[in-house]
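Inside the fold
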Amino acid sequence: MGLRMKPAVAGQENAVLNRQAKIKVKPFTKEAFVIRTTLISLVLLTVYGFFTFDYKDASLVGGTLSMLRNFGVMFFEPHFSHFTFWEAVYQVLITLGLAVLTTLLGGIAALLLGLLAAQNLTNKTVSNIVKGVIAFIRAVPTVLWVLIFAVAAGLGSVAAVIGMTFHSVGYLTKAYSESFEEMDNGIIEALKASGARWWQIIFQAVIPASIRYIVSWTFLRFEINFGVAVAMGAAAGAGGIGFDLFMASGFYFDLREVGTITYFILTVAILLEMTAMRIKKKLKTA
Amino acid sequence: MPVNTNFFLKKRLVSLILIGILLLVTYGAMVITQFDAVKGLTSIPQAVEWGIKNFYPNQDALDKLPRIWENLRETLLISLAASTVAGVFALVFAIIGSSTTRVNSFLGTFARGIATLFRNIDVAAWAMILLFSFGQSALTGYFALFFVSFGFLTRAFMETIDEVSNSSVEALRATGASYPSIIIHSVIPSSIPQMISWLLFTFETNIRSATLVGILTGTGIGFSFDLYYKSLNYNAASLVVIAIMLSIFAIEFLSNYIRRVIL
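This one's a predicted model, so the numbers in the text were calculated from it and none came from an experiment. (Residues numbered from 1 in each chain as written. Chains lettered and ligands numbered in written order. Predicted model: local features only at pLDDT ≥ 70, side-chain atom pairs only at ≥ 80, totals over all residues.)

Each helix and strand in chain A was counted, giving 11 helices and 0 strands. Tracing chain A from N to C terminus, the helices and strands come up as α-α-α-α-α-α-α-α-α-α-α. Per-residue burial over chain A gives 38% buried out of 286 residues. Partitioning the contacts of chain A with sequence separation of at least 6, the portion at a separation of at least 24 is 71%. (Helix = DSSP H or I, 4+ residues; strand = E, 2+ residues; numbered from the N terminus. Buried ≥ 20, exposed ≤ 12 C-beta atoms within 10 Å, placed from the backbone. Contact = placed C-beta atoms within 7 Å.)

See below:
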């Protein structure tokens, strides 16, 4: 009897063990592996980073407390001391002007390059060359383009606009060429078959078909360029409200004036964002 | 026939008016910024000529490579830490702010408002503001990048949640699943690939912005560039540019690989 019992008990034990093992709901795939590895390495590198940063004499807790205090002063007690309200508006207009010029110049250059970069409008070789050049342009930060141009053209609006245009060209060429590539090839083929020339195909079919995308991408870039223009005013002497910010913070140490300038920047940026969202929504429904 | 010609005439008129407005705005912008178009055009060949003659690394610059690498490493780590921590905060705010998963409309609007505030103050402005609190330390750059990444990621994550998990949330709600289990078992798993993609995107953008912030706050690779640039050591400055470019290419390559696998 005892001998016969044994296997039965062993079998029961096995069953219990099997029941305790979890049923695999999510199979372990390559995707899951890459997602997990990415997340773990991000966290580990972040922790490692916090241990190695050059904190100098700033402390995380003390700095954060003073940051909160400073935010209070900035946002609740803003004042004008080195400029008046209308002077600030004028400086904002200069910054907007820089953004307009950059976006327009960049848009025109990008339209041409975008046509060359679209594989369905040219051949693979030309497209790859243009895309390579664009990748190179995009890899260099805007501020470095501006500063490099400033050596040849001197600090000021010329270097700022040309340098900022480089990045806009990179960004817009990619966006434009992708929307050209998405378009219906049948239209191009039909025009080709009827004997239309390249320029005729571009102006009669390609641009009318993608004008909505072109407009919305260009406006999105304009929104980005406003921020960039503020930054270039502060870092590369481009003038405008960014330069006032740099002076208020770096020279006068006037926290309240920094608050005023921040309000100006914030107002324009939010207005631009709202307009961009409206344009985007219109495009989606149309 | 007359209807047809009218149509084309009207179309042509509209585009003419639009071009006119655009030209007027351009002219106004040129006047107000004192932009000299001729100088702008001629400066491009000038800059290219100058670049070929002066802007390349030499032996002297290569000796500075260890110091450049040290600063680049710090900048890369700051950009990464800012994106990761911003990602964690953005996840919480996106869940609160998304119209699919929000707790109530007041908290939702609050989360959206905070994100809008942080996103729309430019990173350079944040850097200048934070200089008051953290001085010329790595923390200034870190927080500047963190705030902007947080604002941007919150919006991106909200759109992702709305896009991906609308129907599954409804289905789970119908079965009587609790709010936390809906979030943990449906919302996060279904939107995590897209969220990682956005996180990698902010990491790439942060490296470029970190250069700018470094110039303003005197830290990291931006400081290296500024130092060599202002002392007219263009050979070393060009090496800094090449180092930044290579690291951006490497990270873009890596994140494109990750995107290909997970999306």
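Quick look at the overall build of chain B now. For chain B, the count of helices and strands is 11 helices and 0 strands. Here the C-alpha radius of gyration of chain B, 24 Å, is well above what a compact globule of 263 residues would show, namely 18 Å. Here the C-alpha coordinates of chain B stretch approximately 70 × 70 × 40 Å along the principal axes. Expressed as a percentage of its 263 residues, the buried residues of chain B come to 47%. In chain B, once contacts between residues fewer than 6 apart in sequence are set aside, the share between residues at least 24 apart is 73%. (Rg over C-alpha atoms; globule rule 2.2 N^0.38 Å.)

What follows covers the domain arrangement of chain B. As assigned here, chain B comprises domain 1 (2-46) and domain 2 (59-262). Computed from C-alpha atoms alone, the centre-to-centre distance between domain 1 of chain B and domain 2 of chain B is 37 Å. (Domains from an automatic or database assignment.)

A few words on the UniProt feature "transmembrane region" (unreviewed entry) in chain A. The feature "transmembrane region" (unreviewed entry), as given by UniProt, occupies residues 33-51, 88-118, 139-166, 198-215, 227-252 and 258-276 of chain A in the numbering adopted here. Between the C-alpha atoms that bound residues 227-252 of chain A the distance is 23 Å, and the span itself is 73% helix and 0% strand. (UniProt positions renumbered as here; feature names shortened; annotations may be inferred.)

The next thing to look at is the interface of chain B and chain A. Contacts between the two partners involve 62 residues from chain B, matched on the other side by 63 residues from chain A. A breakdown of the residues in the side of chain B that touches chain A according to their chemical character gives 42 nonpolar, 15 polar and 5 charged. (Nonpolar A, V, L, I, M, F, W, Y, C, P; charged D, E, K, R; others polar.)

This paragraph deals with the nonpolar core. Counting 154 residues, the largest nonpolar core has V146 and M232 of chain A together with A124, M128 and V240 of chain B as its most contacted members. When residues are assigned to domains, this core turns out to be shared by domain 1 (2-46) and domain 2 (59-262) of chain B, each giving three or more. (Core = buried A, V, L, I, M, F, W, Y, C linked by C-beta atoms within 7 Å.)

For the rest of this paragraph, the subject is the confidence of the model for chain B. Averaged over chain B, the pLDDT score is 88; the fraction of residues at 70 or greater is 98%. Scoring the predicted complex yields pTM 0.85 and, for the interface, ipTM 0.84. (pLDDT = per-residue confidence, 0-100.)

A few words on the UniProt feature "domain: ABC transmembrane type-1" (unreviewed entry) in chain A. Under the feature "domain: ABC transmembrane type-1" (unreviewed entry), the UniProt entry names residues 92-274 of chain A. The span residues 92-274 of chain A is 86% helical and 0% strand by assignment, and the distance between its end C-alpha atoms comes to 18 Å.

The next point concerns the environment of I188 of chain B. By the element assignment, I188 of chain B lies in helix α9 (residues 179-217). A sequence separation of 110 residues divides I188 of chain B from I78 of chain B, and the C-alpha atoms of the two residues are 26 Å apart.

In this structure, W198 of chain A sits in helix α9 (residues 198-235). Taking C-alpha positions, W198 of chain A is 37 Å from S157 of chain A, a pair spaced 41 residues apart along the chain.

All names here are of chain B. Two elements in contact, helix α4 (residues 65-97) and helix α11 (residues 234-262), have axes whose closest approach is 11 Å; the angle formed by their N-to-C orientations is 40°. Our classification of the angle between α4 and α11 gives oblique. Of the two elements, α4 crosses α11, and the hand of that crossing is right-handed. On the side of α4, the interface is formed by L65, I68, L72 and L76, while α11 contributes L239, V240, A243 and S247. Its residues assigned to classes, the contact of α4 with α11 comprises 7 nonpolar, 1 polar and no charged. (Axes fitted to C-alpha atoms, helices over the stretch in contact; angles between N-to-C directions. Parallel < 35°, antiparallel > 145°, perpendicular 65-115°, else oblique. Left-handed = near helix turned anticlockwise from the far one by under 90°.)

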